[in-house]
Amino acid sequence: MTPAEKGLYPISEVEKRTGLSARQIRYYESMGLVSPTRTNGGQRRYSEKDVLRLIQIKQMKESGFGLKSIKEKIQVFERNLEELSLSDVNHDREVLSSLFPVSNRAVLMKLLEKK
DNA sequence: GTTCTCACA
DNA sequence: TGTGAGGA
């Protein structure tokens, strides 16, 4: 991967890193679960955040959640993530942690630490 | 060669 | 969700 493209992955890379099929990745995008940027040629470029989010989605799916539930969780997560930059961090950590099952805590904390 | 969209025996 | 067609 060239230096200029660091942090931006083509769908083939995301497939490897998430274990999801390109079909699924594109489908989730249609549901508003991820928002990859596009190259001039129209190809998707996923950020580190997108990859992490897709991994969360995969884990939730494995935890038995339907895509409908996952979409709701993601939206709640997004809303709280915005508030995170404006309010008390420790309080939000508790709120966010309560929104995810134990299996997703690790990913969640990783996201929060990057903030 | 890779990815994109659309559509479906 | 997969897969093939037809383009870029």
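Data block above holds the structure.
Parameters and conventions
Residues numbered from 1 in each chain as written. Chains lettered and ligands numbered in written order. Predicted model: local features only at pLDDT ≥ 70, side-chain atom pairs only at ≥ 80, totals over all residues. Heavy atoms only, no water. Helix = DSSP H or I, 4+ residues; strand = E, 2+ residues; numbered from the N terminus. Buried < 20%, exposed > 50% of the residue type's maximum accessible area, 1.4 Å probe, protein only. Areas by Shrake-Rupley, 256 points an atom, 1.4 Å probe, with all protein chains shown as cover. Near = heavy atom within 4 Å. Polar contact = N/O pair within 3.5 Å; in protein donor to acceptor, adjacent residues only side chain to side chain. Nonpolar A, V, L, I, M, F, W, Y, C, P; charged D, E, K, R; others polar. Core = buried A, V, L, I, M, F, W, Y, C linked by side-chain atoms within 4.5 Å. Salt bridge = Lys/Arg side-chain N within 4 Å of Asp/Glu carboxyl O. Axes fitted to C-alpha atoms, helices over the stretch in contact; angles between N-to-C directions. Parallel < 35°, antiparallel > 145°, perpendicular 65-115°, else oblique. Left-handed = near helix turned anticlockwise from the far one by under 90°. Contact = heavy atoms within 4.5 Å.

Visitor: What is the right way to read the overall build of chain A from this model?
Guide: A count of helices and strands for chain A gives 6 helices and 2 strands. Counted from the first residue to the last, chain A has its helices and strands arranged as α-α-β-β-α-α-α-α. A burial count over chain A gives 34% of its 115 residues as buried. Accessible area of chain A: about 6,900 Å², with a carbon and sulfur share of 51%.

Visitor: Explain the protein's contact with DNA strand C here, please?
Guide: Contacts to DNA strand C come from S21, R23, Q24, Y28 and K61. Within 4 Å of the protein, atoms of DNA strand C come from sugar and phosphate in 31% of cases. Residue R23 places a side-chain N or O atom 2.9 Å away from a base nitrogen belonging to DNA strand C. Broken down by element, the residue count for the surface near DNA strand C peaks at 3 residues, all from helix α2 (residues 22-30).

Visitor: Help me understand the protein's contact with DNA strand B, please; the structure alone is not making it clear to me.
Guide: The environment of DNA strand B is formed by P10, I11, S12, R26, R38, G42, Q43 and R44. In the interface set of DNA strand B, defined as its atoms within 4 Å of the protein, sugar plus phosphate atoms amount to 91%. Between DNA strand B and the protein, one listed contact pairs a phosphate oxygen with a side-chain N or O atom of S12 at 2.6 Å. Between DNA strand B and R38, the relevant distance is 3.0 Å, taken from a phosphate oxygen to a side-chain nitrogen or oxygen of the residue. Within the surface near DNA strand B, the residues separate by chemical class into 2 nonpolar, 3 polar and 3 charged.

Visitor: Explanation requested: the nonpolar core in the structure shown.
Guide: Looking at soluble globular proteins, one finds that nonpolar side chains tend to be buried together. Counting residues in each nonpolar core, the largest one holds 16 residues, and the members touching the most others are V14, I25, Y28, L33, Y46, L54 and I57. When residues of this core are traced back to their parent elements, those giving at least two are α1 (11-18), α2 and α3 (48-62). Among the elements that line this core, the one with the most residues is α3, at 4 residues.

Visitor: Help me understand the pattern of salt bridges in this model?
Guide: Where charged atoms from two side chains of opposite charge come close, those side chains can pair. For the structure shown, the criterion picks out 3 salt bridges. Across the pair R44 and E29 runs a salt bridge, and its minimum N-O distance is 2.6 Å. Of the two residues, R44 sits in strand β2 (residues 44-45) while E29 sits in helix α2, which places them 15 residues apart along the sequence. Per residue, the accessibility class of R44 equals that of E29, and both read buried. Residues joined in a network through salt bridges with shared partners are E29, R38 and R44.

Visitor: Can you help me understand the packing of α1 against α3 in this one?
Guide: Pairs of packed helices are described in terms of their axes, by the angle between the two and the distance that separates them. Close contact between α1 and α3 brings their axes to 10 Å; oriented N to C, the two are set at 45°. In terms of orientation, α1 and α3 fall into the oblique class. Regarding α1 and α3, the two cross each other, and that crossing is right-handed. Facing V14, R17 and T18 of α1, the residues of α3 in contact are E48, V51, L54, I55 and K58. For the contact of α1 with α3, the per-class residue count stands at 4 nonpolar, 1 polar and 3 charged.

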